[in-house]
Amino acid sequence: MGPTIEQAVQQSLAAFLQLTTEGGRSDTSPNVARLSTAPMRWGMGEARQGRSTDVLLAAFRSGARTAWREWSAVAVTHQLPGDQLAVFAERVFAYIDRLSAASVAGHADQTRQDRPRAATA
């Protein structure tokens, strides 16, 4: 499972960097829709394993904190102006919000699919 998670994180980071270099906002870019399939699959996988979204969302929060700690340290080292650092922070956390929402949606979709259908008379 470790290599799968590592690959997913790398893909998510690459997608974020792509959105950021496009100059668009990571929360409103039309290209972000195609990037939500992976986190939807993550949510679906959690549901199939019988787990709630709590662990998955905790992983997103932890990942966001780790990424922000590293990226902000680099930005400060390179003396990025505060207003630009604030814009970057907004983009980072908006992107994490999108990933989290997509994973919750995937979990909900899978949960609905797994529910036994009520017998009709």
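As the structure is a computational prediction, the values presented were derived from the model and not from experiment.

Observations regarding the packing of helix α3 (residues 53-77) against helix α4 (residues 82-114)
Across the interface, α3 lies against α4 with an axial gap of 10 Å and an inter-helix angle of 165 degrees. Classified by the interaxial angle, the pair formed by α3 and α4 is roughly antiparallel. Crossing hand, α3 versus α4: right-handed. In this structure, α3 contributes Thr 53, Leu 56, Leu 57, Phe 60, Ala 64, Trp 68, Trp 71 and Ala 75 to the contact, and α4 contributes Leu 85, Phe 88, Ala 89, Val 92, Phe 93, Ile 96, Leu 99, Ser 100, Ser 103, Val 104 and His 107. Per-class residue counts for the contact of α3 with α4 are 15 nonpolar, four polar and no charged.

Here we look at the nonpolar core
Trp 68 and Tyr 95 are the most contacted members of the largest nonpolar core, which has 15 residues in total. Broken down by secondary-structure element, the contributors of at least two residues to this core are α1 (2-22), α3 and α4. Sorting elements by how many residues they give to this core places α4 first, with seven residues.

What counts and how
Residues numbered from 1 in each chain as written. Predicted model: local features only at pLDDT ≥ 70, side-chain atom pairs only at ≥ 80, totals over all residues. Heavy atoms only, no water. Axes fitted to C-alpha atoms, helices over the stretch in contact; angles between N-to-C directions. Helix = DSSP H or I, 4+ residues; strand = E, 2+ residues; numbered from the N terminus. Parallel < 35°, antiparallel > 145°, perpendicular 65-115°, else oblique. Left-handed = near helix turned anticlockwise from the far one by under 90°. Contact = heavy atoms within 4.5 Å. Nonpolar A, V, L, I, M, F, W, Y, C, P; charged D, E, K, R; others polar. Core = buried A, V, L, I, M, F, W, Y, C linked by side-chain atoms within 4.5 Å. Buried < 20%, exposed > 50% of the residue type's maximum accessible area, 1.4 Å probe, protein only.

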